[in-house]
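Structural description and commentary
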Amino acid sequence: MRHHTNWARNIEYSAARLHRPTSLDEVKEIVAGARAVRALGSRHSFNTLADTSGDLISLEALRQEVVLDRQARTVTVRGGIRYGELAARLQAEGFALANLASLPHISVAGAIATATHGSGNTNRNLAAAVSGLTLVTARGEMLTLTRSSPEFAGAVVALGALGIVTSVTLDIEPSFDVAVSVYEHLAWDTLLDHFDAISGVAYSVSLFTNWARDSVDQVWLKQRVDGSSGALPTPGQDFHGATPAPVRRHPLQGASAEACTEQLGLAGDWADRLPHFRLGFTPSRGEELQSEYILPRVHAAAAIEAVRSLAGRIEPLLQIAEIRTMAADDLWLSMNYLEDSVGFHFTWKLLQPEVEALLPVIEEALAPFRARPHWGKLFHAGADSITALYEKLPDFVSLAERLDPEHKFRNDFLTRHVFGG
Ligand SMILES: Cc1cc2nc3c(=O)[nH]c(=O)nc-3n(C[C@H](O)[C@H](O)[C@H](O)COP(=O)(O)OP(=O)(O)OC[C@H]3O[C@@H](n4cnc5c(N)ncnc54)[C@H](O)[C@@H]3O)c2cc1C
């Protein structure tokens, strides 16, 4: 297989073959017959997590099925569906997902495999919305797990290591509208003194910074207009001393806001407001790398100071950084496992060697706060450090041994960063 790259084009997959099966039987056959096999989602990860030396399986060509259960308030979908497509289907039926990531382009199975998240003190990551899933395991057999299965909490954020997730059931709720207001130049001291209040003032809050300027560049407040997440900001008024942006903004200073979802306090569907970027456009910059570190929210102020102390080394490599929050969940390999969290996200310039040289420095600065790296982005920590961060990792390793005794779903990345050896 040649020249299949990830979205950022910093990874060329080394797999021998890329399959696009059109039926579940075909998926089972490929897995049963493979020596090494992995699922490929929409390729938005920045590292080699999805790669394999053997067979890659994309579920893009499987017929999409969206099965809504209005009574149970769930939707069951194929793992390969993208959030943007699912969101449009749900919205048309009057339903919503609780939250979305910054972009709607990613696949559901790929996103939950890495505990992808949006923001909000009371919003859990996207994987926490999963109430059931079906996977094709190493022998080509189907396994369905639900919240009542003992191994379920280990099988949602599973890094593709347990099998090919062919269908996922997600919690849904009645549709809601959201209004996005952007403010500029929030003083660092104000943020440090009032972190919980600021990150909790709206349903979803994002802070954008380059770490070096003397204030936080932008504060995005995404508020539900049904009043369930607090009052809407008063138009035109300052927010903790930050001023309302007079026009739509892109997080990157000077970039066109055309790719961004609606702002300026104009209410609209959750599906069109919760992501920062619109489905038909390139999200973020397009030419970039990303890293993110997630740690307990109680350490937010101290951790912000720790990262700011590295601003002089970070800023030359950085396009933009984002600070978000997530509520705790109970998924074994979730970066938010049992911790209300804050995430420090970095959108880097395409300078991979320089970025990779800096990551250990950032990881050292954040180590006192037990920062967990985002599984789908660039990080340095090896299996030893990762093991210390996840108390349920030994249970995950046992689960993987049981479901995949021949290690078909292992790859170099998982050996280096998760399983060790
Ligand atoms: C521009 C951009 C913006 C981003 N914004 C955010 C954000 O707001 N929040 C955030 O948390 N992350 C964000 N990410 C990271 C992204 O959400 C994760 O990397 C996510 O895992 C990508 O999903 P994917 O479908 O592209 O998966 P891939 O990158 O293709 O695969 C990721 C992992 O999922 C596994 N996988 C995929 N499909 C299946 C399946 N069917 N069964 C089993 N395993 C499977 C793969 O084997 C691999 O281990 C962003 C990435 C980009 C490029």
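Here the structure is a predicted model, which is why all the values come from computation and not from measurement.

What follows concerns the nonpolar core. Counting 122 residues, the largest nonpolar core has Trp211, Trp270, Ile314, Phe346, Trp348 and Trp375 as its most contacted members. If sequence neighbours within four positions are ignored, Trp211 has contacts with Trp188, Ile304, Val307, Arg308, Ala311, Ile314, Leu318, Ala321, Ile323, Phe344 and Phe346.

Take the UniProt feature "domain: FAD-binding PCMH-type" (unreviewed entry) in the chain next. As recorded in UniProt, the feature "domain: FAD-binding PCMH-type" (unreviewed entry) lies at residues 11-175. Between the first and last C-alpha atoms of residues 11-175 the distance is 38 Å; the span itself is 18% helix and 27% strand.

On a regular strand, one side chain projects to one face of the sheet and the next to the other, so that they alternate. Bridging between strand E7 (residues 130-136) and strand E8 (residues 142-146) involves 5 bridges; their strand directions are antiparallel. Note that in E8 the partner of Leu133 across the bridge is Leu145. The antiparallel pairing of E7 with E8 creates a hairpin that spans 5 residues between the two strands, and Gly140 there sits at a positive phi of about 85°.

When helix H13 (residues 412-419) is considered as a whole, its buried residues turn out to be Phe413, Leu414, His417, Val418 and Phe419. End-on, the buried residues of H13 take up no more than an arc of 145°, which puts them together on one face. On its buried face, H13 sits against strand E2 (37-40), helix H11 (383-389) and helix H12 (393-403). N-capping of H13 is provided by Asn411, with a side-chain oxygen placed 3.2 Å from the backbone N of Phe413. Looking one or two residues past H13, Gly420 carries a phi angle of roughly 75°, positive in sign.

Looking now at the site of the ligand. In the neighbourhood of the ligand, 37 residues make up the surrounding shell, with Ala39, His44, Ser107, Val165 and Arg324 lying closest. The separation between an oxygen atom of the ligand and a polar main-chain atom of Ser102 is 2.8 Å. Out of a free accessible area of 960 Å², the ligand has 99% covered by protein chains. Secondary structure elements with two or more residues in the shell around the ligand: E2, helix H3 (108-113) and strand E9 (164-171). Among the elements that take part in the shell around the ligand, H3 stands out by supplying 4 residues, more than any other.

Our next topic: the sheet that holds strand E3 (residues 55-58). Ordered by their spatial adjacency, 3 strands build an open sheet running E1-E3-E2, and the pairing between neighbours is parallel. Taken across any chain shown, the strands that pair with only one partner, and hence form the sheet edges, are strand E1 (17-19) and E2. On average, each strand axis in the sheet is tilted by 25° relative to the strand beside it, whichever way the strands run. With 4 bridges connecting them, E2 and E3 associate as parallel partners. Paired with Leu40 across the two strands is Ser58, which belongs to E3. Of the strands in this sheet, E1, E2 and E3 are in contact with helix H1 (residues 24-33), which crosses E3 at around 165°.

This next bit is on H12. Among the residues of H12, Leu393, Phe396, Leu399, Ala400 and Leu403 are the ones counted as buried. The buried residues of H12 occupy an angular sector of 115° when projected down its axis, which confines them to one face.

As a further point, take the environment of Thr122. As for its position among the elements, Thr122 is in the loop between H3 and E7. A sequence separation of 64 residues divides Thr122 from Ser58, and the C-alpha atoms of the two residues are 33 Å apart.

On to the pattern of salt bridges. Tallying each qualifying case throughout the model produces 19 salt bridges. Note that Arg402 and Glu151 form a salt bridge whose closest N and O atoms lie 3.2 Å from each other. Here Glu151 lies in the loop between E8 and helix H4 (152-155) and Arg402 lies in helix H12, a separation of 251 residues in the sequence. A salt bridge links Glu262 to Arg248; the shortest N-O distance between them is 3.9 Å.

What follows covers the domain arrangement of the chain. Here the chain is described as being made up of domain 1 (17-57), domain 2 (66-175) and domain 3 (177-373). Between the C-alpha centres of domain 1 and domain 3 there is a distance of 33 Å.

Let us look at the side chain of Ser102. By the element assignment, Ser102 lies in the loop between strand E6 (95-96) and H3. Here Ser102 is in contact with Pro275, His276, Phe277 and Arg324, once residues within four sequence places are set aside.

Glancing now at unusual backbone geometry. Here Arg43, not a glycine, exhibits a phi torsion of approximately 70°, which is positive. Positionally, Arg43 belongs in the loop between E2 and E3. Of note in the backbone geometry, His185 takes a positive phi value of approximately 65° without being a glycine. Note that His185 resides in strand E11 (residues 177-187).

About the cut-offs
Residues numbered from 1 in each chain as written. Predicted model: local features only at pLDDT ≥ 70, side-chain atom pairs only at ≥ 80, totals over all residues. Heavy atoms only, no water. Core = buried A, V, L, I, M, F, W, Y, C linked by side-chain atoms within 4.5 Å. Buried < 20%, exposed > 50% of the residue type's maximum accessible area, 1.4 Å probe, protein only. Contact = heavy atoms within 4.5 Å. UniProt positions renumbered as here; feature names shortened; annotations may be inferred. Helix = DSSP H or I, 4+ residues; strand = E, 2+ residues; numbered from the N terminus. Pairing = 2+ DSSP bridges. Arc of directions from axis to C-beta. Polar contact = N/O pair within 3.5 Å; in protein donor to acceptor, adjacent residues only side chain to side chain. Near = heavy atom within 4 Å. Areas by Shrake-Rupley, 256 points an atom, 1.4 Å probe, with all protein chains shown as cover. Axes fitted to C-alpha atoms, helices over the stretch in contact; angles between N-to-C directions. Salt bridge = Lys/Arg side-chain N within 4 Å of Asp/Glu carboxyl O. Domains from an automatic or database assignment.

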